[in-house]
Amino acid sequence: MSARLRATLLILPLVVFLGLFFLWPLWMMVSTAVQGGTVRLAFPQTAIAIASWNGNSPPPAPLQAALVRDLRADTPQERFGDAVRTLNSQQAGFRTLLPRTARAVREAGEADVVDLATVDPRWGDLAYWLALKRSMPAYTDANLLAAVDLKRSDDARIEPVESDFAVNRAIMLRTFIIAAQVTLLCAAIGLPFAMLAASVSGWKRNALLIAVLLPLWTSLLVRTAAWLILLQDNGLINQTLRAIGLIDSPLSLIYNRTGVLIAMTHVLLPLMVLPIYASLIAIPRNLMPAAAALGAAPLQAFRHVLLPLAMPGLLSGSLLVFMVALGYYITPALTGGAGDQMISSVIAFYATGTANWGMAGALGLFLLVPTTVLYIVYNRLSRTPLVQT
Amino acid sequence: MSGASIRPGGVAFNTLRLAFGALAVAFLLLPLVAILPLAFTDSVFLVYPITGPSTRWFGALAQSQAWTRAIVNSLIIGTGATVVATVVGTLAALGLRRELVPFSGLLRSVFLLPMVVPAVVLGVGMQILYARMGLASSYLGVIIAHAVLCVPFVLVNVASSLASIDPALERAAASLGASPVKVFRSVTLPLAMPGILTGAVFAFATSLDEVVITLFVAGPNQTTLARQMFSSLRENISPAIAAAAFIIMILTFVLLLAVKGASLYQALRKRQRIEIS
């Protein structure tokens, strides 16, 4: 067996495993976001009939008859429910309209011609028919548009949703702001810390490195729980500040942005320190003395020698922290208030709370794309491995 | 000149450095140090000062069916995920070793992707996939989902220990007449073992700590220790959480120390062997 074939066979199990259980689920999430199939599946005859309706005139009799036939058909309850949910998200009112119409057409005899407008006057309103038509294509951009607070109007133009419902853009913006704030905080602490660790030696350096590695090895949940305890109103930090007389009443440090930033900075700081340290440790020891010998003031030497050499580490650390921070869910969910939740929590709400996988998938795509792009950039720029042991 | 002491080596500069170092280390370690003693409080509140030592909260955990079940689940799922991830990860690391396969670099990047993709995104996808495959709310489903996240840790650790093996050793064994299988079993595998073990421990620790994907794919019967901790942190903070945190920390550190100890022991033995010969 050739060496190349053997190598391929060794990799194959992982390729199959990740293909099946990593790439395929991601693909399914993306395709669920653009699939408009639920309404089409529940109303197949209507789907065909509505294609030839131009949307300006009242719906013709064959179209109405097709809808009646679809409503009479033995559609599984779950499929019907999915379709109603999708339609209702397009046009409020379908949630009551469709079950009521379905009941009425089933009660009427097979031979009777049902006039939908007499069952419910809403069928006289073109908006409902247009929503039905809009929901029919096999693929739809409705979820993707809704994820950025846009929608298609009745004449298929893209327009912003009512300001009451426009929350997604604000949450996305907030996610990026929190991730950027955490990255800046990590850089502000991480750069001097890595410089300190690189400038000392022996047990001091070991102690500083262990201080970075211990939290990295500790469970994320344990660390978040610890911050909950430390930052409470009568937690250790408020107690200490009160004991030394700095404050009279407790600072509110938790269930707000402060808590989120403190906990996330703590969780992600090691990811900043280690790449910077790795790039600093590669700098020849005599470079700074050489700069000094050539007459550079310490600040000058720092700016022109050390900082440029530390830059690759700082850049990959920042990319890593920002990328990981974007997708955070646990820490903001536990330490933040309602106004500090990030995009992940909205996705989790859609997926587990309302079973609206289309929306969860669309928002997930808006999180997946920036993360993947940042990862590609990180891979290009950095030789620091993602895992430190 | 007062500015002179701000220069590196100056008194003020050194004081500043010391203060910053101490503060930063305190920030990094305070949470880990602060939560452990609270596991042994006898109060019903998670606050300092501790009124008296007691193991009542460990007792409370042991008596609560939800917590004991969660601990058992974590061990089952962690073991399963570790086995799956270690086997496929180690094989792949061996396959990627000499970069014989086209696009080795690209493959490696894709294999590490599970570490970067937001857990919520993967969770949504897995939930949809599992609903169709009938894996939802099953142990197998949770084990597979965790294994996906654990694979990169195995891959990175095994790859780095393979990279540190001197190819001359394998060539020497082969030139002395050992078959490829024999070379692998008596030279490559023992030398790679510390990396495989470290990878396995990181895999287990990752599974132990995973919450988000578990929220999406696990049913009530597969609640893990971490997920149980997450939901109790949302409801009411009691010292039982500190006790659970204590258990998680001890589990992780014992495992890590075991691996570090094992690789140290192996290094010592290797040196002994060289000295004897």
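In case you missed it, the structure is sitting above this.
Let me begin by describing the structure that accompanies this report.

Rules used in this analysis
Residues numbered from 1 in each chain as written. Chains lettered and ligands numbered in written order. Predicted model: local features only at pLDDT ≥ 70, side-chain atom pairs only at ≥ 80, totals over all residues. Heavy atoms only, no water. Helix = DSSP H or I, 4+ residues; strand = E, 2+ residues; numbered from the N terminus. Rg over C-alpha atoms; globule rule 2.2 N^0.38 Å. Buried < 20%, exposed > 50% of the residue type's maximum accessible area, 1.4 Å probe, protein only. Contact = heavy atoms within 4.5 Å. Buried area = accessible area lost by both parts, 1.4 Å probe. Salt bridge = Lys/Arg side-chain N within 4 Å of Asp/Glu carboxyl O. Polar contact = N/O pair within 3.5 Å; in protein donor to acceptor, adjacent residues only side chain to side chain. Core = buried A, V, L, I, M, F, W, Y, C linked by side-chain atoms within 4.5 Å. Phe/Tyr/Trp six-rings, centres within 6.5 Å; stacked < 30°, edge-to-face > 60°.

1. What about the overall build of chain B?
Across its full length, chain B holds 11 helices and zero strands. Listed N to C, the secondary structure of chain B is α-α-α-α-α-α-α-α-α-α-α in terms of helices and strands. In terms of C-alpha radius of gyration, chain B reaches 24 Å, well past the compact-globule figure of 19 Å for 277 residues. Each of the three principal axes of chain B carries a C-alpha extent, and together these read 75 × 70 × 40 Å. For chain B, buried positions account for 49% of its 277 residues. Considering only contacts in chain B between residues 6 or more positions apart, those separated by 24 or more positions represent 68%.

2. Side note on the interface of chain B and chain A
Counting from both sides, the interface comprises 80 residues of chain B and, opposite them, 78 residues of chain A. Regarding the contact of chain B and chain A, the summed buried area is about 7,200 Å², with carbon and sulfur atoms giving 84% of it. Counting the surface chain B buries against chain A, the share from its top three residues, B:Phe27, B:Leu28 and B:Val116, is 9%. Between the two partners, chain B and chain A, sit zero salt bridges. At the junction of chain B with chain A, the criterion picks out 10 residue pairs in polar contact (both at pLDDT 80 or more).

3. Thoughts on the nonpolar core
In terms of nonpolar packing, the biggest core is built from 171 residues, with A:Phe17, A:Leu268 and B:Met229 touching the most fellow members. For this core, the element with the highest residue contribution is helix H6 (residues 139–163) of chain B, accounting for 15 residues. Sequence-distant contacts of A:Phe17, that is, excluding residues within four places in its chain, are made with A:Phe22, B:Val84, B:Val88, B:Ile144, B:Ala147, B:Val148 and B:Val151. With 30 residues, the next largest nonpolar core counts A:Ile50, A:Leu71, A:Ala102 and A:Val114 among its residues.

4. Overview of the packing of aromatic side chains
Residue and element names in this part refer to chain B. Summed over the entire model, instances satisfying the criterion amount to 13 aromatic pairs over all chains. For the pair Phe-40 and Phe-58, a centre-to-centre distance of 5.2 Å together with 40 degrees between the ring planes defines the contact as tilted. Here the residue Phe-40 occupies a position in the loop between helix H1 (11–38) and helix H2 (56–63), and Phe-58 occupies one in helix H2, the gap between them amounting to 18 residues. Note on Phe-40: relative accessible area 29%, which makes it partly exposed. Ring geometry for Phe-40 and Phe-246: centres 5.0 Å apart, planes at 85 degrees, overall edge-to-face.

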